[in-house]
Amino acid sequence: MHPGFAIGLVFLGCSSNVVFLELLVRDFPGCGNIVTFGQFLFIALEGLIFQAHFLTKPRAIPLRNYFVMVTMFFLVSVVNNYALNFNIPMPLHMIFRSGSLIANMVLGIIILKKRYPVAKYISIVLISLGIFICMFMSAKQVASHTSVSDDGSYSAFIQWLIGVAMLTFALFMSARMGIFQETLYKQFGKHSKEALFYNHFLPLPAFILFASDIYNHGILFSQSQTIELVPIGMSMPIMWFYLTMNVLTQYVCIRGVFILTTECTSLTVTLVVTLRKFISLIFSIVYFKNPFTLWHWVGTSVVFVGTLTYAEVWKTLKPLMYRKRKEQ
């Protein structure tokens, strides 16, 4: 498959997925559980039919190993989406999740006893600095709201701190899951499609814990404004439309990244994903009018420079630019 197709899927799927998620949380900040459940259910059903062939296809990786990975994946997904209920603005959510390289490197050093070149450490310092700047400015914005409101709204700042703690937990849990997945693939071979299915299928019973919250948000979604879907000649509540589109675009995004990792180098994957995040961030700030100061821009720029440095983009581009100059 042509890499351009995979890149198109990543930009179309992942970018629009963030847009529909923001449309959902703008009206219902606590809808993280129903969003996560919808995504898991759809990908599990698709995998059950086309990947597992209704569980008749033999597994390449033992089920006991999947239970460990699934527990981590479920926690990461639920906590990441639920953190939006704790005064976490979408731009900060996106920037914070860009810090996955920090968690990967820290756990790589601690668990796998890895050692990295100096450039990698510099890039991690840059990413950490950028995230800290953005967090500090967001904290100031929350504090300014609490200082001019009544006493009850002081809890908004505490909620924000809880949200940041949740994102930090999810960041390191995701990195730990990545290391566990890496060891599994070394032992049993790379079976990404199988892992994608079981990661979404096995946790479904755990959503019983959130059944009440999912049901209540389902009722609220059904009471939202109705829109006409002219192409298919039907109408539906707008929040259910947003959720449906979020689930479908999440699937497109995951498939796009999967194809990209099989067709392109890791450098290309990093560049595409980084650029996609930057475009999503710009759209979130401009379209949804999220507060974003000059210092937020500085922090964001530092994060992206650190990410590109980690991927050794500059080292790759330098010979290309030199060759081009030589040809001229």
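All figures in this text were calculated on a predicted structure; none of them were measured in a lab. (Residues numbered from 1 in each chain as written. Predicted model: local features only at pLDDT ≥ 70, side-chain atom pairs only at ≥ 80, totals over all residues. Heavy atoms only, no water.)

Draft legend 1. Quick peek at the overall build of the protein. A tally of regular secondary structure across the protein gives 13 helices and two strands. Counting across all 328 residues of the protein, residues that qualify as buried make up 48%. Of the contacts formed within the protein by residues at least 6 apart in sequence, a portion of 79% connects residues at least 24 apart. Put simply, the protein shows about 17,300 Å² of open surface, and 69% of that area lies on carbon and sulfur atoms. (Helix = DSSP H or I, 4+ residues; strand = E, 2+ residues; numbered from the N terminus. Buried < 20%, exposed > 50% of the residue type's maximum accessible area, 1.4 Å probe, protein only. Contact = heavy atoms within 4.5 Å. Areas by Shrake-Rupley, 256 points an atom, 1.4 Å probe, with all protein chains shown as cover.)

Draft legend 2. Quick look at the side chain of H217. Tracing the backbone through its elements, the reader meets H217 in helix α9 (residues 211-222). Residue H217 is classed as buried on the basis of its relative accessible area of 10%. In this view, H217 contacts F28, G30, C31 and I34; residues no more than four positions away in its chain are not counted.

Draft legend 3. Layout of the environment of Q187. Within the secondary structure, Q187 sits in helix α7 (residues 155-188). On the basis of relative accessible area, Q187 is assigned to the exposed category, the value being 58%. Residues Q187 and I61, spaced 126 residues apart in sequence, show a C-alpha to C-alpha distance of 9.0 Å.

Draft legend 4. How the structure looks around the nonpolar core. The biggest cluster of nonpolar side chains holds 81 residues, and the ones touching the most others in it are L24 and I131. Among the elements that take part in this core, α7 stands out by supplying 13 residues, more than any other. Filtering out sequence-adjacent residues up to four positions away, L24 remains in contact with C31, V35, F221, M239, Y242, L243 and N246. Counting residues in each nonpolar core, the second largest holds ten residues, with A6, V10, I259 and L260 among its members. (Core = buried A, V, L, I, M, F, W, Y, C linked by side-chain atoms within 4.5 Å.)

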